[in-house]
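Structural description and commentary
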Amino acid sequence: RPGTTANFIKLARPTVGDVAFSGHNLVWKAPSNINTAVYTPTYEVYYPSGIVYNGEKNGTSMDVSELEGGKSYTFLIKAIGNGTNYINSEKSEPITIYKLASPEVRRDKPVYIWDSVSGAVSYAVYVDGKLEATYTHQTGKTYEFKPAFKDLKPHTVEVLAIGDNGYSTLDSKPTVII
């Protein structure tokens, strides 16, 4: 009596391209040996301690905007097979990123002032959601922004420390002053 042999394919480890982060998303590449017309895997994202971060994910990116600034984070990613054609991958190589601290903005009417943030490449200043100014980072510098408000209504000013476009630092959360 002939037997049936199943041909399982072990998924290759997910990899990271030249950029590990885009905006506030961790980004990775799907396993190289998968036919997505047959199966699109889900993923588990781990801290090295083995704890799953934010559960199982569909797609090849994950929002990490809620991470606390001023700290490094290391992630591992595992592709999950379907149990019929594909079996789970091994965990990826570690992906480490530094989340910038938010600038500590103080107001000395009418000027907004902040000190440089370690690891920042630049700073962006938004007034009422519109980009109004950018500054190139200089270590040890104190920055000043004086908005040209045209009316007396309350305005929202946000200052954001900008990283290196996802290579090793992730943008800060904005500091908001109303």
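Quick caveat, the model's predicted, so the values are computed rather than measured.

Regarding its fold elements, the chain presents zero helices and 17 strands. Expressed as a percentage of the 178 residues in the chain, the buried residues total 38%. Put simply, 59% of the contacts in the chain that link residues at least 6 apart link residues at least 24 apart. Carbon and sulfur atoms form 49% of the exposed surface of the chain, whose accessible area is close to 10,200 Å².

Let us now look at the layout of surface pockets. Counted as a void, the largest pocket has a volume near 190 Å³. Here the lining of the largest pocket is composed, by residue class, of five nonpolar, one polar and four charged.

We now examine the sheet that holds strand E17 (residues 175-177). Overall, antiparallel pairing links the four strands, which are arranged E13-E12-E15-E17 in an open sheet. Every other strand in the sheet has two partners, leaving strand E13 (130-136) and E17 as the edge strands with one partner each. Strand-to-strand twist across the sheet, computed as the mean angle between neighbouring axes with direction ignored, equals 20 degrees. Direction of pairing for strand E15 (residues 157-162) relative to E17: antiparallel, over a ladder of three bridges. Note on E17: the bridge partner recorded for Glu158 is Val176.

A few words now on the sheet that holds strand E10 (residues 106-108). Read across the sheet, three strands follow the order E10-E11-E14 without closing on themselves; strand pairing throughout is antiparallel. Each edge of the open sheet carries a strand with a single partner, namely E10 and strand E14 (142-145). Neighbouring strand axes in the sheet, compared pairwise and without regard to direction, differ in orientation by 30 degrees on average. Here strand E11 (residues 111-115) pairs with E14 via four bridges, running antiparallel. Across the sheet, Asp115 pairs through a bridge with Thr142, a residue of E14.

Time to look at the environment of Trp28. Following the sequence through the fold, Trp28 ends up in the loop between strand E3 (25-27) and strand E4 (42-46). The buried category is assigned to Trp28, whose relative accessible area is 3%. Through-space distance from the C-alpha of Trp28 to that of Ser61 is 6.3 Å; in sequence the pair is 33 residues apart. Not counting residues up to four positions away in its chain, the partners in contact with Trp28 are Pro14, Thr15, Tyr43, Val45, Gly59, Thr60, Ser61, Met62 and Ile77.

Another aspect to go through is the environment of Phe75. Mapped onto the secondary structure, Phe75 falls in strand E7 (residues 71-80). Note on Phe75: relative accessible area 0%, which makes it buried. Through-space distance from the C-alpha of Phe75 to that of Ile51 is 9.9 Å; in sequence the pair is 24 residues apart.

Below, the discussion takes up the nonpolar core. In this structure, Leu26, Trp28, Val45, Met62, Val64, Phe75 and Ile77 are the most contacted members of the largest nonpolar core, which totals 18 residues. Counting residues per element, this core draws most heavily on E7, which supplies four residues. Val105, Ala120, Tyr123 and Ala161 belong to the second-largest nonpolar core, a separate cluster that totals 16 residues.

Conventions we followed
- Residues numbered from 1 in each chain as written.
- Predicted model: local features only at pLDDT ≥ 70, side-chain atom pairs only at ≥ 80, totals over all residues.
- Heavy atoms only, no water.
- Helix = DSSP H or I, 4+ residues; strand = E, 2+ residues; numbered from the N terminus.
- Buried < 20%, exposed > 50% of the residue type's maximum accessible area, 1.4 Å probe, protein only.
- Contact = heavy atoms within 4.5 Å.
- Areas by Shrake-Rupley, 256 points an atom, 1.4 Å probe, with all protein chains shown as cover.
- 1 Å grid on protein atoms, 1.4 Å probe; cavity = no way out; pocket = protein on both sides within 12 Å on 5 of 7 lines; lining within 4 Å.
- Points joined across faces, edges and corners; volume = space filled by probe spheres on them.
- Nonpolar A, V, L, I, M, F, W, Y, C, P; charged D, E, K, R; others polar.
- Pairing = 2+ DSSP bridges.
- Axes fitted to C-alpha atoms, helices over the stretch in contact; angles between N-to-C directions.
- Core = buried A, V, L, I, M, F, W, Y, C linked by side-chain atoms within 4.5 Å.

Treat this as a map of the structure, not an account of what it does.
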